[in-house]
Amino acid sequence: MSNNVATDSDSKEAQALHIEASQPTAQSELAIQYTAHEKSLSFWETLGIYWRATLWILYGQLVVFGYGIDGIIAGYLLAIPRFRQDYGNSYVVNGTTAYIIPASWQSLYSGVSQLTSILGALATGMLADKFGRKPTNILFCIISIGGVAAQFWSNGHIGILTVGKAINGFSIGAWLVIGPLYASEVAPLKLRGWLTSITNIIQFSGVLLFTGIIYAIGSRDASEAYLIPFACQWIVPALVLLTIFFWPESPVWLYRVGKHEEAKKALKKIHGSNGTIDTEAIFAQIQETIAHENAVNEIQKSSGYAECFKGTDRRRTLICMFVYGCQYLSGIIFVLGYQSYYYQLIGYSAKKSFLLGMLNNACQFVANILSWFLISYLGRRPLIVWGQLICAISLFVIGGATIPGTQSAYLVAVSFMFVWGFVYQLTLGTVAWSVVAELASFRLKSRTQGLANLVLCIIQWTIGFVFPYMFNPDAGNLGGKVGFVFGATTLVGFVGVYFMLPESKNRTLRELDELFERKISARHFAKTKTLVEDQTEQTKMEGA
């Protein structure tokens, strides 16, 4: 047995569990054998076998589409001249009358959905555990449709518009939990990283559709220039409400609440009648993982949020919260949300600013797709760590290029906004969803993801509220010099993930449980051998 199996830092409880784990039952033997089978498959072999589960997971992730639109809608609406005219106040610039949304309303409108997202994320952690993933999804789709209706029929009243965005925010917070949560519970091992990170491409599809529509009609002198973008937010919740009754409930949740037969039925519905998929073995994997976590924590049924900060789960929760927090500390509100408005402030026409924004978003979309392959080959840790460093450097360049105030210097700033967008979506923007979905324990998965979203929403709201006061011409007027601010916060993120973030590539949840119990350093996760691996090797030798 490897010397890495037992270390001085192991607790007595963990050592006892390791000894118990070395004497496998028939159930654990089945789970170990199927884990070895999953690890032996390539990415494409796994996709070919588990295609049906992949489609169900993609369906569950659809709701994240709305988050993509909500995250940029405030900044892009400001770039629509007719929206500023209908909802804003007149503002005289060099004797010429223009229209602008006051910074106070910008802050409130931009940040209000992030504030209600906090409540939505926390409520989802409890509702999804009590009632299931499916009923919770239905509830928040209904809430979203009502919130978007208030925005659509606000008729020039920015207060009503803001209330509608606040209502929709409850659903935004919920969807950021439900989609990745379901994916992490259902995805096979070799597809887990891709299917959890695909959260980002789906939300970014919302961004791309929204910016494409704004490019096509945003410069029109008619209310449809902003009403049609509002209506885009209805697409997915309406589609989901019409079709969700066919969606199988999470077998992990069904097992945890004691509905074992229903969990087996859900597995069969998810995977179909494919003879190469042993649903009994997958059921054994779920049993073993939950039994192990219950044994460690002496908890059998339910877990509150306080449990996320006890024992080994505290470290897992803090990592997830920090990684999600890094997303908005990296300057996404500026480079993604306010880019078209910024392009206009430095001299580009409305039409050209929309075009630049759409091109930047298209580059980011490509980076999203490329990340699917990198996450399977390079892993999670190197992408996030070094991606944060490159993004920090890019932001400092953007800030520095803004100082001269010349068109050539602005061109450098715009170029590095494209660099930042590509690198961000290739790394943290996509991979963060995988990390948070993978690192949380089974029994606390919905709660941990809820807390990570809580941090994301708090930081998103804080930055969304403060940013207009820093950026806007009638307030701080920093413009592109906000790159210095976000460059510094991104550098903090780089240092944090370097020391905190472990590698979860090709690790089962049982293996991750063991590595956290043994308090393995984040930098050594990838090369540390686990008892599960030893048992798998022993099983192979006995079979030979």
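Residues numbered from 1 in each chain as written. Predicted model: local features only at pLDDT ≥ 70, side-chain atom pairs only at ≥ 80, totals over all residues. Heavy atoms only, no water.

A. Structural view of the overall build of the chain. Looking only at helices and strands, one finds 26 helices and 2 strands in the chain. When burial is assessed residue by residue, the chain has 59% of its 544 residues classed as buried. Across the chain, every contact between residues at least 6 apart in sequence was considered, and the portion connecting residues at least 24 apart equals 80%. Summing over all exposed atoms, the chain offers an accessible surface of approximately 20,100 Å²; the carbon and sulfur share of this is 65%. (Helix = DSSP H or I, 4+ residues; strand = E, 2+ residues; numbered from the N terminus. Buried < 20%, exposed > 50% of the residue type's maximum accessible area, 1.4 Å probe, protein only. Contact = heavy atoms within 4.5 Å. Areas by Shrake-Rupley, 256 points an atom, 1.4 Å probe, with all protein chains shown as cover.)

B. Expanded view of the packing of helix α7 (residues 103-131) against helix α23 (residues 445-471). Their axes nearest at 7 Å, the elements α7 and α23 cross at an angle of 175°. Here α23 runs roughly antiparallel to α7, going by the angle between their axes. The residue makeup of the contact of α7 with α23, split by class, is 16 nonpolar, 13 polar and 2 charged. (Axes fitted to C-alpha atoms, helices over the stretch in contact; angles between N-to-C directions. Parallel < 35°, antiparallel > 145°, perpendicular 65-115°, else oblique. Nonpolar A, V, L, I, M, F, W, Y, C, P; charged D, E, K, R; others polar.)

C. Structural view of a nonpolar patch on the surface. Where nonpolar side chains cluster on the molecular surface, the patch consists of W44, F373, Y377 and L378 and spans about 500 Å² of accessible area. With respect to the element layout, W44 can be found in helix α3 (residues 43-49). (Patch = residues over 30% accessible without salt bridge, like charges linked within 9 Å, V, L, I, M, F, W, Y side chains within 5 Å. Salt bridge = Lys/Arg side-chain N within 4 Å of Asp/Glu carboxyl O.)

D. Examining the side chain of S113 more closely. Mapped onto the secondary structure, S113 falls in helix α7. A relative accessible area of 0% places S113 in the buried class. Of note is the side chain of S113, whose polar atom sits 2.9 Å from the side chain of K165. With near-sequence residues (within four places) excluded, S113 lies in contact with D70, K165, A166 and G169. (Polar contact = N/O pair within 3.5 Å; in protein donor to acceptor, adjacent residues only side chain to side chain.)

E. Fine view of the pattern of salt bridges. Tallying each qualifying case throughout the model produces 16 salt bridges. Linking R192 and E438 is a salt bridge whose minimum nitrogen-to-oxygen distance equals 3.0 Å. Remark: E438 occurs in helix α22 (residues 428-439) and R192 occurs in helix α10 (residues 189-217); sequence separation between them is 246 residues. With respect to class, R192 is no different from E438; both count as buried. E224 serves as the salt-bridge partner of R220, at 2.3 Å between the closest nitrogen and oxygen.

F. The packing of helix α4 (residues 51-61) against helix α9 (residues 158-186), seen in detail. The interhelical angle for the contact between α4 and α9, taken along N-to-C directions, is 165°, at an axis separation of 8 Å. One finds that α4 runs roughly antiparallel with respect to α9. Between α4 and α9 the crossing geometry is right-handed. Mapping the contact onto sequence places A53, W56, I57, G60 and Q61 in α4 and G179, P180, Y182, A183 and V186 in α9. Across the contact of α4 with α9, the residue classes tally to 7 nonpolar, 3 polar and no charged. (Left-handed = near helix turned anticlockwise from the far one by under 90°.)

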